[in-house]
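Inside the fold
So you can see what is in the structure, the chains are spelled out below.
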Amino acid sequence: MNFMEQFTKGAWILAGICWSVVLVLIILIFIKERKLIINYIKSDYRKESKIKYSQLHEKGTYGEFLTFVELEKFQHHKKIVVNPYLPRRDKTTSEIDLVFINATGIYVIESKNFSGSIYGKESDFNWTQFLGKWKKPTFYNPIKQNDTHIKVLQNNLDLPKNISIFSIIIFSDKCKLKVVSSTPVIHRKDLINEINEAYKMNKHILTDSQIDEIYKQLKKYTNASKKVKKQHIQNIKEKY
């Protein structure tokens, strides 16, 4: 076998390997996409958020969707509200990622679909996302962010006097949490256990009809117009 024959044979073998790798990648992507489509169809997320399937490929929206799916696993009477834009006294708005309501009270959930290692303390103004030696972006402390959400929620809703409102910060299962906090800052996979434990430990203060009424009050603030969303983003940029 001369050089050209050997070269041609080697090229065909290499091409075969490359096509095999491409085929495997296509199959894996198809399997992942098929699973996502099935979960999207089965979930109430589409009905509650009005978000199209194509939008799930946005990182933040995808994390929010996965968090919603975790909350749906709760076996008792519940309501989940997605992205209410609540008016503030200064004429701006506060956007809450998810509000979960059950017999023990209201759970205000901030979802951060981040990777890397997350460092921060409850008292810090900013936390750090460590992605490598030269890449350490900071972001506003989500506990403080959620505290504001809770205050705005209380100002806008007619709530029972004895109601409990809980703050939970959710991060992607892919990141490492190096956070010091008394407020729950947990991975998404631990959310349903957190909710179930709270349901066992805390007093049941809301009836099914009260849960439905709070949901009804919050629901009117969802599915905000493009104008409201655009102004909300502009206000955040001006503030921070």
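The rules behind each value
- Residues numbered from 1 in each chain as written.
- Predicted model: local features only at pLDDT ≥ 70, side-chain atom pairs only at ≥ 80, totals over all residues.
- Heavy atoms only, no water.
- Helix = DSSP H or I, 4+ residues; strand = E, 2+ residues; numbered from the N terminus.
- Expected span 1.5 Å × (residues − 1).
- Polar contact = N/O pair within 3.5 Å; in protein donor to acceptor, adjacent residues only side chain to side chain.
- Patch = residues over 30% accessible without salt bridge, like charges linked within 9 Å, V, L, I, M, F, W, Y side chains within 5 Å.
- Areas by Shrake-Rupley, 256 points an atom, 1.4 Å probe, with all protein chains shown as cover.
- Salt bridge = Lys/Arg side-chain N within 4 Å of Asp/Glu carboxyl O.
- Lys, Arg positive; Asp, Glu negative; His and termini not counted.
- Charge placed at Lys NZ, Arg CZ, Asp CG, Glu CD.
- Buried < 20%, exposed > 50% of the residue type's maximum accessible area, 1.4 Å probe, protein only.
- Core = buried A, V, L, I, M, F, W, Y, C linked by side-chain atoms within 4.5 Å.
- Contact = heavy atoms within 4.5 Å.
- Phe/Tyr/Trp six-rings, centres within 6.5 Å; stacked < 30°, edge-to-face > 60°.
- Pairing = 2+ DSSP bridges.
- Axes fitted to C-alpha atoms, helices over the stretch in contact; angles between N-to-C directions.

A short note on helix α4 (residues 142-156)
Think of an α-helix as turning once every 3.6 residues; residues three or four places apart then point the same way. If you check α4, its first and last C-alpha atoms are 21 Å apart, about what 15 residues at 1.5 Å a residue would give, namely 21 Å. Where α4 begins, the capping side chain belongs to Asn141, and its oxygen is found 2.8 Å from the backbone nitrogen of Ile143.

Overview of a negative patch on the surface
Residues Asp158, Asp208, Asp212 and Glu213 make up a contiguous surface patch of negative charge. On the secondary structure map, Asp208 appears in helix α6 (residues 208-219). Look at Asp208 and you get partly exposed, because its relative accessible area is 45%.

Things to note about the nonpolar core
Counting 24 residues, the largest nonpolar core has Leu71, Phe100, Ile109, Ile168 and Ile195 as its most contacted members. Those elements that provide at least two residues to this core are α1 (3-42), α3 (59-71), β1 (79-82), β4 (98-102), β5 (105-112), β9 (165-171) and α5 (191-201). A per-element tally of this core places α5 first, with five residues. In this view, Ile168 contacts Tyr107, Val108, Ile109, Glu110, Asn146, Pro184, Ile186, Leu191, Glu194 and Ile195; residues no more than four positions away in its chain are not counted.

Overview of the packing of aromatic side chains
Summed over all chains, the structure comprises 14 aromatic pairs. Seen in terms of ring centroids, Tyr107 and Phe166 are 4.7 Å apart; in terms of plane orientation they differ by 20 degrees. Their pairing is stacked. Highlighted residues: Tyr107 in strand β5 and Phe166 in strand β9, separated in sequence by 59 residues. For Tyr107, a relative accessible area of 2% puts it in the buried group. Each member of the aromatic cluster is reached from another via a ring pair, and the members are Tyr40, Tyr45, Tyr53, Phe65 and Phe68.

Considerations on the sheet that holds β5
Reading across from one edge, β1-β4-β5-β9-β11 is the order of the five strands in this open sheet, with mixed pairing throughout. Since the sheet does not close on itself, it has two edges, and those belong to β1 and β11 (185-187), each with one partner. The average angle at which neighbouring strand axes cross in this sheet is 25 degrees, direction not considered. As paired strands, β1 and β4 are joined by four bridges and run antiparallel to one another. Paired with Ile80 across the two strands is Phe100, which belongs to β4. Lying over the sheet, α5 contacts β4, β5, β9 and β11, oriented at roughly 160 degrees with respect to β9.

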